[in-house]
Amino acid sequence: EAQVTQNPRYLITVTGKKLTVTCSQNMNHEYMSWYRQDPGLGLRQIYYSMNVEVTDKGDVPEGYKVSRKEKRNFPLILESPSPNQTSLYFCASSSGMVGGGTDTQYFGPGTRLTVL
Amino acid sequence: QQQVKQSPQSLIVQKGGIPIINCAYENTAFDYFPWYQQFPGKGPALLIAIRPDVSEKKEGRFTISFNKSAKQFSLHIMDSQPGDSATYFCAASMQENTDKLIFGTGTRLQVFP
């Protein structure tokens, strides 16, 4: 089954404790993104990657890191989480460019993160 | 700033009604306007999309109306069903932004039997 998986689905942590949210897709997609979803703000792009070792900042990259060492994986790293990073996080992937409607983004099930 | 403004924030209709969700944008460079549907506990999924060279697109019970001069587009759900209860997001993107979607703030739709 073609899918985007994220782990963990739920995470409660404390301020300053480094964490990683994993994302994996089995569709051989080149493009992957991370979004955060907050009430009243919709989804905002954090980082995106157009291929292995190619990443770029989205709209809200502060406090986050990503890496793309393999095509299928795109982990999101919070080196020193803070309470304002409490949010619902989504990973997404597509085989081509989403901009202009060239292709469709497929979203993972989400990771709900709480930073105390 | 919010580049895509979506309204209403929530919407309640009875089964068979026609909920309408509106979005407005400012950047005339946007050239692709998708709608995503999100059920509780799930990620968003592409529902229907339109380009500015057409004024309307239908897929089943879902219709997008597009007004280029007003820089507005809307989603209409015909004969709404309880199974349509979800959060709907409009979005916009530009050709040259290779992997960027600008999302609206979302509309929570509840359809009662």
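In this text the structure is predicted, and so the values were computed from the model without any measurement. (Residues numbered from 1 in each chain as written. Chains lettered and ligands numbered in written order. Predicted model: local features only at pLDDT ≥ 70, side-chain atom pairs only at ≥ 80, totals over all residues. Heavy atoms only, no water.)

If you tally the helices and strands in chain B, you get 0 helices and 11 strands. Ordered by position from the N terminus, the helices and strands of chain B form the series β-β-β-β-β-β-β-β-β-β-β. For 113 residues, the compact-globule estimate of 2.2 N^0.38 gives 13 Å, and the C-alpha radius of gyration of chain B, at 13 Å, lies within 12% of that figure. Expressed as lengths along the three principal axes of its C-alpha atoms, the size of chain B is roughly 45 × 30 × 20 Å. The proportion of buried residues among the 113 residues of chain B is 45%. Once the 11 positive and 9 negative side-chain charges of chain B are each reduced to a mean point, those two points are 5 Å apart. (Helix = DSSP H or I, 4+ residues; strand = E, 2+ residues; numbered from the N terminus. Rg over C-alpha atoms; globule rule 2.2 N^0.38 Å. Buried < 20%, exposed > 50% of the residue type's maximum accessible area, 1.4 Å probe, protein only. Lys, Arg positive; Asp, Glu negative; His and termini not counted. Charge placed at Lys NZ, Arg CZ, Asp CG, Glu CD.)

What follows is about the layout of surface pockets. Computed from the structure, the largest pocket encloses a volume of approximately 670 Å³. Q37(A), L88(A), R112(A), Q38(B) and T87(B) are the residues nearest the centre of the largest pocket, which is lined by 31 residues in total. Classifying every residue of the lining of the largest pocket gives 10 nonpolar, 16 polar and 5 charged. Approximately 250 Å³ is the volume attributed to the second largest pocket. (1 Å grid on protein atoms, 1.4 Å probe; cavity = no way out; pocket = protein on both sides within 12 Å on 5 of 7 lines; lining within 4 Å. Points joined across faces, edges and corners; volume = space filled by probe spheres on them. Nonpolar A, V, L, I, M, F, W, Y, C, P; charged D, E, K, R; others polar.)

For the rest of this paragraph, the subject is the nonpolar core. Side chains that are nonpolar tend, in soluble globular proteins, to be buried together. Residues and elements named next belong to chain B. Core analysis: the largest hydrophobic core is formed by 26 residues, its most contacted members being F30, F33, W35, F73, L75 and Y88. Breaking this core down by element, the ones donating at least two residues are β2 (10–14), β3 (20–25), β4 (33–38), β5 (45–50), β7 (62–67), β8 (72–77), β9 (86–92) and β11 (107–112). In terms of residue count, β9 provides more of this core than any other element does, 4 residues in total. Residues within four places of F33 in sequence aside, it is in contact with Y25, I48, A49, I50, P52, I64, F66, F73, A91 and A92. (Core = buried A, V, L, I, M, F, W, Y, C linked by side-chain atoms within 4.5 Å. Contact = heavy atoms within 4.5 Å.)

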